[in-house]
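Survey of secondary and tertiary structure
As a plain string of letters, each chain reads:
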Amino acid sequence: MSTIDKIEELKKQRDAVILAHYYVDDEVQAIADYVGDSFYLSKAATAATAKTILFCGVSFMGESAKILNPGKTVIMPDMQADCPMAHMADLEKIEKMRREYEDLAVVCYINSTAELKTYSDVCVTSSNALKIVQALPNQHIFFIPDENLGRYVASQVPEKHFIFNDGFCHVHTSISAENVKKAKEAHPGAEILVHPECTTEVVKLADYVGSTSGIIDFATESRAEEFIICTEMGVLYELKQKNPGKRFYSVGHRQFCPNMKRITLEKVADALESMANTVEMEEEMRLLAKKPLERMLELGS
Ligand code: 13P
Ligand code: SF4
């Protein structure tokens, strides 16, 4: 039996649905029931009626699915697949900011640990951050953990005061403005599509800035035929599927997230067979982390 047939068989036995982020390998995206950006996947996890959610992504994604769906069994193909940025905020700094600004909202990118979420007022993803920050009554925003996404949101919401944190994604910050300018010289007709985890210098060169889904939708609707892609290269799978006649170029050599790439078909099959890699959490922490995620779903819809 092939690994794909085994996965299909085990999915039925376990009453499982497979969710995958656009950054996992092509063959894993191909067998998933739902593939999308972080916001889409958090909604899909909640809408799913299956008893088991197999999350092909990094740990904050599985954690968020568990926080929102305590009655479901959430499993991960690889428990070591973790996003370094999810840990890049400091509880002491959050407390210090709360003391300093009475009217403070701690806005937490979903790429964060469950513990960080418990200290936050609302979660955001790259596709809903603008809408949510604009909807908040607070004037002062402490944006954690990603500095670049925070700076991008701040540039679009100049009426609010932002405090930034120094977290970053090594995959996106490895893309330099120099890389982008060289790619544009080589492909002058190409549109530059940028994820907001990239640096401000790269964002300034963009024809479009948005989440992975936003980038895919923009390229699909655009009349241009060539695109310079400034995000993790896993998005190429969906970009090419939806746009077989268009050309996509990467700008750097390090646009691969090693954690997302830990997910393989074999690990998907093993996780469904053993049901061992379950996401577990203390109920007290889950309830506290649920509040900012639910607020995101409410304000972001
Ligand atoms: P989105 O798919 O929400 O744009 O997230 C990007 C990302 O870095 C996920 O780890
Ligand atoms: Fe984290 Fe960056 Fe990998 Fe996304 S691409 S999981 S932000 S390290």
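Since the structure is predicted, the reported quantities are computational estimates derived from the model, not experimental observations. (Residues numbered from 1 in each chain as written. Chains lettered and ligands numbered in written order. Predicted model: local features only at pLDDT ≥ 70, side-chain atom pairs only at ≥ 80, totals over all residues. Heavy atoms only, no water.)

**Details of the sheet that holds strand S9 (residues 191–194)**
Definition in use: Note on pairing: DSSP must find at least two bridges between two strands before they are called paired. Each helix is a run of DSSP H or I of at least 4 residues and each strand a run of E of at least 2, with the numbering of both proceeding from the N terminus. Whether two residues are in contact is decided by their heavy atoms, any of which lying within 4.5 Å being enough. To get an axis, fit a line to the C-alpha atoms, keeping to the stretch in contact for a helix; angles then go from 0 to 180 degrees between the N-to-C directions.
The 4 strands are arranged S10-S9-S11-S12 in an open sheet whose pairing can be described as parallel. Either end of the sheet is taken by a strand with one partner, and the two such strands are strand S10 (208–209) and strand S12 (247–250). Of the pairings in the sheet, the one linking strand S11 (residues 226–230) to S12 comprises 4 bridges and is parallel in character. The residue of S12 that forms the bridge with Glu-226 is Arg-247. Strands in contact with helix H12 (residues 212–221) are S9, S10, S11 and S12; relative to S9, the strand with the most contacts, it is inclined by about 160 degrees.

**Here we look at the site of ligand 1**
Put simply, the rule is: In these notes, residues near a molecule or strand are those with any non-hydrogen atom within 4 Å of it. Pairs of N or O atoms within 3.5 Å make up the polar contacts considered here, provided that, within protein, one atom can donate a hydrogen while the other can accept it, and that residues adjacent in sequence are counted only when both atoms are side-chain atoms. The protein chains shown are the only cover counted for residues, whose accessible areas, like all others here, come from Shrake-Rupley with a 1.4 Å probe. Ten residues, namely Ala, Val, Leu, Ile, Met, Phe, Trp, Tyr, Cys and Pro, are considered nonpolar, four, namely Asp, Glu, Lys and Arg, are considered charged, and the remaining ones, Gly among them, are considered polar.
As a matter of local geometry, ligand 1 sits amid 14 residues, with His-21, Ser-126, His-195, Glu-197 and Thr-212 nearest to it. Within the side chain of His-21, a nitrogen or oxygen atom sits 2.6 Å from an oxygen atom of ligand 1. Contact between ligand 1 and Ser-38: an oxygen atom at 3.0 Å from a side-chain N or O atom of the residue. Calculation on ligand 1 without its partners gives an accessible area of 300 Å², and the protein chains cover 96% of this total. Among the residues making up the shell around ligand 1, the classes are represented as 5 nonpolar, 7 polar and 2 charged.

**Concerning unusual backbone geometry**
As a reminder of what qualifies: Only protein chains enter the accessibility calculation, which uses a 1.4 Å probe. A residue is then buried if its area is under 20% of the maximum for its type, exposed if over 50%, and partly exposed in between.
Going from Ile-144 to Pro-145, the amide bond is cis rather than trans, its omega being -20 degrees. The residue Pro-145 is located in the loop between strand S7 (140–144) and helix H8 (147–156) in this model. Phi angles above zero are rare outside glycine, and Asp-15 is one such case at about 50 degrees. Here Asp-15 falls in the partly exposed class, since its relative accessible area comes to 35%.

**Considering the site of ligand 2**
Quick reminder of the rule: Grid points spaced at 1 Å and placed over the protein atoms alone form the basis of the search, with a cavity being a set where a 1.4 Å probe fits but cannot get out and a pocket an open set showing protein on both sides within 12 Å along at least five of seven lines. Lining residues have an atom within 4 Å of a point. Placement in a cavity or pocket follows one criterion, namely that more than half of the molecule's atoms lie within 2 Å of its grid points.
Lining the immediate surroundings of ligand 2 are Tyr-23, Val-58, Cys-83, Pro-84, Met-85, Asn-111, Cys-169, His-170, Glu-197, Cys-257 and Met-260. Comparing atom positions with the cavity grids shows ligand 2 to sit within the largest pocket. In terms of residue class, the shell around ligand 2 is built from 8 nonpolar, 2 polar and 1 charged.

**Structural notes on the pattern of salt bridges**
To keep things clear, this is the line we draw: Each salt bridge in this description consists of a side-chain nitrogen of Lys or Arg and a carboxyl oxygen of Asp or Glu lying within 4 Å of one another.
Taken as a whole, this structure holds 13 salt bridges when the rule is applied. For Arg-98, the salt bridge goes to Asp-121, with nearest N and O atoms at 3.1 Å. Of this pair, Arg-98 sits in helix H5 (residues 91–100) while Asp-121 sits in the loop between helix H6 (114–118) and strand S6 (122–124), and the two are 23 residues apart along the sequence. For Arg-98, a relative accessible area of 33% translates into the label partly exposed. Put simply, Lys-242 and Glu-238 hold a salt bridge, and the shortest N to O gap is 3.4 Å. Of the two residues, Lys-242 and Glu-238 are both situated in helix H13 (residues 235–242); the distance of 4 residues between them amounts to about one turn of the helix. One network of salt bridges, with partners in common, ties together Glu-8, Lys-11 and Asp-33.

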